[in-house]
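Tertiary structure, described
The chain contents come next:
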Amino acid sequence: SRRPVKDCFLAVFSSHGEEGCVFGADGKPVRLARIFRYFDNEYMEKKAKVFLIQACRGHDLDDGVEVDSAGDTTEGSFSQHLSVPVDTAVMYATAPG
């Protein structure tokens, strides 16, 4: 793309966490929705926002699964913990659980 760099914001979080939150340097949980709200303002309007989150999302171990999403019509699968502003992408390195 030939868009100027000012049209994009990238944040990388590498922390411990649980579903819907990451832990701050003080060990206290911070809701991701709260963090996302800081970037939902007139200055960030019409700018792509990408959040890369490297943090646990629960206490379970991931055994891996085979997925065929071609016929997936599940409604309401989006996490209730997230309130993501327009023009925002959130990517996790781990599955919930």
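In the block above lies the structure referred to throughout.
1. Focus: the overall build of the protein
Each helix and strand in the protein was counted, giving one helix and six strands. Tracing the protein from N to C terminus, the helices and strands come up as β-β-β-β-α-β-β. Residues counted as buried form 21% of the 97 residues belonging to the protein. In the protein, the share of contacts with a sequence separation of at least 24, taken over all contacts with a separation of at least 6, comes to 73%. Here the protein displays about 7600 Å² of accessible surface, and carbon together with sulfur accounts for 52% of that area.

2. Observations regarding the packing of aromatic side chains
Following the criterion strictly, the structure yields five aromatic pairs and no others. Centroid distance F39 to F51: 5.6 Å. Interplanar angle 65 degrees. Geometry classified as edge-to-face. Of the two residues, F39 is situated in the loop between α1 (32–37) and β5 (48–54) and F51 in strand β5; the sequence distance between them amounts to 12 residues. Residue F51 is classed as buried on the basis of its relative accessible area, which comes to 0%.

3. Description of the environment of K47
Structurally, K47 is set in the loop between α1 and β5. Between the C-alpha atoms of K47 and T88, which are 41 residues apart in sequence, the distance is 8.4 Å.

4. A look at the sheet that holds strand β1 (residues 8–14)
Across the sheet, which stays open at both edges, the three strands sit in the order β1-β5-β6 with parallel pairing between neighbours. Taken across any chain shown, the strands that pair with only one partner, and hence form the sheet edges, are β1 and β6 (88–92). Adjacent strand axes in the sheet meet at a mean angle of 10 degrees, parallel and antiparallel pairs treated alike. In this structure, β1 lies alongside β5, joined through seven bridges in parallel fashion. Bridge pairing links S14 to Q54 in β5.

5. Topic: the pairing of β5
Consecutive side chains of a regular strand alternate in pointing toward one face of the sheet and then the other. On β5, burial follows the alternation: K49, F51 and I53 on one face are buried, whereas A48, V50, L52 and Q54 on the facing-out side are not. Across five bridges, β5 lies against β6 in parallel orientation. Following the sheet pairing, L52 is matched in β6 by M91.

6. Some words on a nonpolar patch on the surface
Taken together, the side chains of L10, V12, L52 and M91 define a hydrophobic patch exposed on the protein surface, amounting to about 360 Å² of accessible area. Mapped onto the elements of the fold, L10 is located in strand β1. Since its relative accessible area comes to 52%, L10 is described here as exposed.

Criteria and cut-off values
Residues numbered from 1 in each chain as written. Predicted model: local features only at pLDDT ≥ 70, side-chain atom pairs only at ≥ 80, totals over all residues. Heavy atoms only, no water. Helix = DSSP H or I, 4+ residues; strand = E, 2+ residues; numbered from the N terminus. Buried < 20%, exposed > 50% of the residue type's maximum accessible area, 1.4 Å probe, protein only. Contact = heavy atoms within 4.5 Å. Areas by Shrake-Rupley, 256 points an atom, 1.4 Å probe, with all protein chains shown as cover. Phe/Tyr/Trp six-rings, centres within 6.5 Å; stacked < 30°, edge-to-face > 60°. Pairing = 2+ DSSP bridges. Axes fitted to C-alpha atoms, helices over the stretch in contact; angles between N-to-C directions. Patch = residues over 30% accessible without salt bridge, like charges linked within 9 Å, V, L, I, M, F, W, Y side chains within 5 Å. Salt bridge = Lys/Arg side-chain N within 4 Å of Asp/Glu carboxyl O.

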